[in-house]
Amino acid sequence: MQTLSVQGIYKSFSNRQVLKDVSFSLKKGEFVSIVGKSGSGKSTLFNIIAGLEAPDQGHVSLKGIKITQKVGKVSYMLQKDLLFPYYTVLDNVSLPLVISGEKKETAREKASSFFKEFDLEGTQALYPAQLSGGMKQRAALLRTFLSSKEVMLLDEPFSALDMITKNQMHQWYLETMEKHHLSTLLITHDIEEAILLSDRILILENAAESEKTNLIKEVKVIQPRPRSQEFIFTKEFSELKQVLWQAVLGN
């Protein structure tokens, strides 16, 4: 079942074209990563999907309903956790519910009911400075989840974590995604991360270098999710990595 549809997106800034006829879809429960060089329009594309930017042409639909330029229809998490330092963890996480009109106490109760599942139980009254890096990211992901619970846009959320914490977060997020039937779009510069997590990987090139569209390639990862770390030593993984690097670098 198709959840998100991006059709014919064009976007320019000061006569510099950033996105050129970009179209793709995201199925329910699917994990799709977007990779590409800096300047290929990845973050601009996310801003358009999230309703923060208007495309010059094209539209975005959620379950068949156009949501172009409508905020709050999908969840969006940036690279930094952006937790407010003087808010407790519970108040940080429940903020989307308060903004949407929930009473503060009701929002706190709803948010707190997810803390155990997101491995945050006992942190409700703490402040962000008292959390580890992984816990901050889980808090930010819970806040993102509560703002939509259907489509998650993740812009390099794991890039600042050490390797062990990142691997743990990968497994935890995939389990959470499976449980709640989430659909995920991930921006990453880490090709290995994209292969380990994704069902499909989309490659963007700079619009100035493309003739028709700067979404130049789609690569499917056949190995079922979740994938163990041993997968990185397989021939399939090496071949996928080579294909992706060649596409990204334009070789």
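Data block above holds the structure.
Residues numbered from 1 in each chain as written. Predicted model: local features only at pLDDT ≥ 70, side-chain atom pairs only at ≥ 80, totals over all residues. Heavy atoms only, no water.

Colleague: Can you break down the environment of Gly 72 residue by residue, with the values?
Modeller: Turning to its location among the elements, Gly 72 is positioned in the loop between β5 (65-66) and β6 (75-77). Sequence separation between Gly 72 and Ala 50 is 22 residues, and the spatial gap between their C-alpha atoms is 7.2 Å. Ignoring anything within four residues of it in the chain, the contact list for Gly 72 reads Ala 50 and Ser 147. (Helix = DSSP H or I, 4+ residues; strand = E, 2+ residues; numbered from the N terminus. Contact = heavy atoms within 4.5 Å.)

Colleague: An account of helix α4 (residues 133-146) is requested, with residue identities and associated values reported.
Modeller: Taking 1.5 Å as the rise per residue, α4 with 14 residues should run 20 Å; its terminal C-alpha atoms sit 20 Å apart, in good agreement. Here α4 lies mainly inside the structure; 11 of its 14 residues are buried. (Expected span 1.5 Å × (residues − 1). Buried < 20%, exposed > 50% of the residue type's maximum accessible area, 1.4 Å probe, protein only.)

Colleague: Could you give an account of the packing of aromatic side chains, naming the residues involved and the relevant values?
Modeller: In this structure the tally under the stated criterion is eight aromatic pairs. Relative to Tyr 87, the ring of Phe 84 lies with its centre 5.3 Å away and its plane at 40°, an arrangement referred to as tilted. The class of Phe 84 is partly exposed, set by a relative accessible area of 41%. Look at Phe 114 and Phe 145: their rings are 5.3 Å apart centre to centre, the planes differ by 75°, and that puts the pair in the edge-to-face class. With Phe 114 in the loop between α3 (104-112) and α4 and Phe 145 in helix α4, this residue pair connects regions lying 31 residues apart in the sequence. What makes Phe 114 buried here is its relative accessible area of 14%. One aromatic cluster is present, formed by Phe 114, Phe 118, Phe 145 and Trp 172 through successive ring pairs. (Phe/Tyr/Trp six-rings, centres within 6.5 Å; stacked < 30°, edge-to-face > 60°.)

Colleague: Could you give me a rundown of the environment of Gln 124, with the residues and numbers involved?
Modeller: Tracing the backbone shows Gln 124 in the loop between α3 and α4. On the accessibility criterion, Gln 124 (15% relative accessible area) is buried. For the pair formed by Gln 124 and Glu 211, sequence separation is 87 residues and the distance between their alpha carbons is 52 Å. Setting aside residues up to four positions removed in sequence, Gln 124 forms contacts with Thr 88, Val 89, Leu 90, Ser 112 and Phe 115. A distance of 3.2 Å separates the side chain of Gln 124 from the side chain of Glu 121, its partner in a polar contact. (Polar contact = N/O pair within 3.5 Å; in protein donor to acceptor, adjacent residues only side chain to side chain.)

Colleague: So what's going on with the environment of Asn 167? Residues and values would help.
Modeller: Within the secondary structure, Asn 167 sits in helix α5 (residues 163-180). When the C-alpha atoms of Asn 167 and Glu 193 are compared, they prove to be 9.2 Å apart, with 26 residues separating the residues in sequence.

Colleague: Tell me about the packing of helix α2 (residues 89-99) against α3, and name the residues and values.
Modeller: For the pair α2 and α3, interaxial distance at closest approach is 8 Å and the crossing angle is 115°. Pair α2 / α3 crosses with right-handed handedness. Mapping the contact onto sequence places Leu 90, Asp 91, Val 93, Ser 94, Leu 97 and Val 98 in α2 and Lys 104, Ala 107, Arg 108, Lys 110, Ala 111 and Ser 112 in α3. Taken together, the residues that form the contact of α2 with α3 break down as six nonpolar, two polar and four charged. (Axes fitted to C-alpha atoms, helices over the stretch in contact; angles between N-to-C directions. Left-handed = near helix turned anticlockwise from the far one by under 90°. Nonpolar A, V, L, I, M, F, W, Y, C, P; charged D, E, K, R; others polar.)

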